[in-house]
Amino acid sequence: MITIISATNRKESLTFKVAQFYSKLLTSKNVPNQVMDLCDLPNDFMFSNSFGASTNEFSSIVSKYIVSADKFVVVSPEYHGSYPGVFKSFMDCIGSDDVCTKKVALVGVASGRAGNLRGLEHLTSLFHHLKAEVFSAKPKLSEIHNLVNNQGEIENIETVALLQDQINRFVKF
Ligand SMILES: Cc1cc2nc3c(=O)[nH]c(=O)nc-3n(C[C@H](O)[C@H](O)[C@H](O)COP(=O)(O)O)c2cc1C
């Protein structure tokens, strides 16, 4: 099972639309997948699930989306030159055992021109610290508002080819 994580809690985010589009690409290749939206986290998750504390609601989310997955695709927007703080908070609340030895692919999303290049490097450092393996191809989707249409689809041929290439090789990684 591949869990695609939309790494922001911003409602109506373009990142979530990219995550859903990615899910469609995986499904069209018969690859089992699910999308995790950080908007679904309990509002107080960071305080009620850290430093030994835990709630049943948070534990069942972690079980469904993290423990049950053998691979992750993290689709991350660029916020202030990095990945969103809510994703780091989420990672700080889960055990490193749930992530180590697993495989991770990264996709960057930004309204600017860097496609979250720096955030993807920061995420690579985070996952390597946790002993997860990060796949080398990391598509960077710049000027995302020009790439995702009103139906949530990406039509740009070069962008779709980048994502397809990542998928084709990541499923064998
Ligand atoms: C708090 C915040 C910080 C942002 N910082 C950047 C940035 O540093 N560079 C950039 O290109 N876009 C930045 N953006 C714009 C996002 O890249 C843009 O909203 C894009 O649609 C992806 O984010 P989304 O998934 O929330 O829609 C920022 C957006 C927010 C909400």
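For the structure itself, consult the block above.
Predicted model only: the values in this text are computed from it and were never measured.

Q: Please explain the layout of surface pockets as it appears in this structure.
A: Think of a ball as big as a water molecule: rolled over the atoms, this probe shows where empty space is left. When its volume is computed, the largest pocket comes out at roughly 160 Å³. Partitioned by chemical class, the residues of the lining of the largest pocket number 6 nonpolar, 4 polar and 2 charged.

Q: When you look at the pairing of strand β4 (residues 103-109) in this model, what are you seeing that I'm missing?
A: Along a regular strand, successive side chains alternate from one face of the sheet to the other. The element β4 is largely enclosed, with a buried count of 6 among its 7 residues. In this sheet, β4 lies alongside strand β3 (residues 71-77) in parallel orientation, the contact comprising 7 bridges. The residue of β4 that forms the bridge with P77 is V109. Taken together, β3, helix α4 (residues 85-93) and β4 constitute a β-α-β crossover, and its handedness is right-handed. For β4 and strand β5 (residues 133-134), the ladder comprises 2 bridges, and the chain directions are parallel. Directly across from K103, in β5, lies its bridge partner E133.

Analysis parameters
- Residues numbered from 1 in each chain as written.
- Predicted model: local features only at pLDDT ≥ 70, side-chain atom pairs only at ≥ 80, totals over all residues.
- Heavy atoms only, no water.
- 1 Å grid on protein atoms, 1.4 Å probe; cavity = no way out; pocket = protein on both sides within 12 Å on 5 of 7 lines; lining within 4 Å.
- Points joined across faces, edges and corners; volume = space filled by probe spheres on them.
- Nonpolar A, V, L, I, M, F, W, Y, C, P; charged D, E, K, R; others polar.
- Buried < 20%, exposed > 50% of the residue type's maximum accessible area, 1.4 Å probe, protein only.
- Helix = DSSP H or I, 4+ residues; strand = E, 2+ residues; numbered from the N terminus.
- Pairing = 2+ DSSP bridges.
- Right-handed = clockwise from strand over helix to strand, strands pointing away.

That's the geometry; what it means functionally is another story.
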